[in-house]
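An overview of the molecular structure
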Amino acid sequence: MKPHEVRSRAFAMPLTSPAYPPGPYRFYNREYMVITYRTDPDAIQAVLPEPLQADGDIVKYEFIRMPDSTGFGDYSESGQVIPVTFRGVRGSYSHAMFLDDQPPLAGGRELWGFPKKAGRPKLEVCGDTLIGSLDFGPLRIATGTMGYKYQQLDQVALEASLAEPNFLLKIIPHVDGTPRICELVRYHTSNVVIKGAWSAPASLELHPHALAPVADLPVLEVLSARHFICDLTLDLGSVVYDYLQQ
């Protein structure tokens, strides 16, 4: 294979059988349970990279079912998102994510910089309760519960929140182990179609783990919970801050 052929085919690894296809990436019937809680503000400061600024002492814990996504298949995901501001604009920072499917794990890390690790998340309905869980190895590290479709949410407000920018810290090492890419990335979701949205009483329990430290942002008070189903497109990102150039 000639060098120009390598360049023309070099989208993702491995070269001759990439772990995921090129985008765009469209998700259908993507189902969320998002539990918003208050935590220790010092704990947020310990993990939030500047120039992002914390928007209060709030964390959002997410359990997501993705049964139909172009290129990535059928999988589930769970993790923590921190409300932030960047240069005066409100958005969200993805702090931790765990999922059970290799293509979006590889693609999410390599393309955008999502902080993805392998885990076993689950979102299911049991009687009148929506239950989210996350196992890391043999241990349960997160459990969320919420009443099932208690009260309809304002979809206009939900659409506005989904239109806000999202931020990621993308890190790719050089072959000698030093950082080759260390960037703050911004991305958006687009073409959002909300198919239903509800609120209800909720609870959230996090357990300590050395390699999956979701409990390092402890639950002090559950503030609200949202359950919604939508279609959306996950847009590619742009670099808004390069740590290696500062």
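Our structure's up above, just so we're on the same page.
Overview of the structure. (Residues numbered from 1 in each chain as written. Predicted model: local features only at pLDDT ≥ 70, side-chain atom pairs only at ≥ 80, totals over all residues. Heavy atoms only, no water.)

Glancing now at the layout of surface pockets. Considering only enclosed or pocket space, the largest pocket measures out at about 670 Å³ in volume. Taken together, 38 residues line the largest pocket, and the ones lying closest to its centre are E62, V81, S92, L162 and N166. Breaking the lining of the largest pocket down by element, the ones donating at least two residues are strand 1 (25-38), strand 3 (58-69), strand 4 (73-86), strand 5 (89-99), helix 3 (102-112), helix 4 (155-162) and strand 15 (221-234). Here the residues of the lining of the largest pocket sort into 19 nonpolar, ten polar and nine charged. The volume enclosed by the second largest pocket comes to roughly 540 Å³. Taken together, 18 residues form the lining of the second largest pocket, with R109, K170, I171, I172 and P173 sitting closest to its centre. At the level of secondary structure, the elements contributing two or more residues to the lining of the second largest pocket comprise strand 5, helix 3, strand 11 (166-173) and strand 12 (179-187). No other element matches strand 11, which puts five residues into the lining of the second largest pocket. Here the residues of the lining of the second largest pocket are counted per class, giving ten nonpolar, three polar and five charged. (1 Å grid on protein atoms, 1.4 Å probe; cavity = no way out; pocket = protein on both sides within 12 Å on 5 of 7 lines; lining within 4 Å. Points joined across faces, edges and corners; volume = space filled by probe spheres on them. Helix = DSSP H or I, 4+ residues; strand = E, 2+ residues; numbered from the N terminus. Nonpolar A, V, L, I, M, F, W, Y, C, P; charged D, E, K, R; others polar.)

Turning to the packing of aromatic side chains, a few remarks are in order. One pass over the full model with this rule turns up ten aromatic pairs. On the basis of an interplanar angle of 70° and a centroid distance of 5.4 Å, the ring pair of F11 and Y20 is categorised as edge-to-face. On the basis of relative accessibility, which here comes to 35%, the residue F11 falls in the partly exposed class. Accessibility expressed as a relative area gives 3% for Y20, which makes it buried. Measuring from centroid to centroid gives 4.6 Å for Y25 and F72, while their planes differ by 5°, and the two rings are stacked. Linking Y25 in strand 1 with F72 in the loop between strand 3 and strand 4, this pair joins segments that are 47 residues apart in sequence. (Phe/Tyr/Trp six-rings, centres within 6.5 Å; stacked < 30°, edge-to-face > 60°. Buried < 20%, exposed > 50% of the residue type's maximum accessible area, 1.4 Å probe, protein only.)

On the basis of which strands lie adjacent, the open sheet formed by four strands has the order 7-8-9-14 and antiparallel pairing. For this open sheet the edge positions go to strand 7 (120-126) and strand 14 (202-206), each flanked by a neighbour on one side alone. Taken over all neighbouring pairs, the strand axes of this sheet differ in orientation by 10° on average, direction set aside. Taken together, the eight bridges between strand 8 (residues 129-136) and strand 9 (residues 139-147) define a ladder with antiparallel strand orientation. The residue bridging S133 from the neighbouring strand is T143, located in strand 9. (Pairing = 2+ DSSP bridges. Axes fitted to C-alpha atoms, helices over the stretch in contact; angles between N-to-C directions.)

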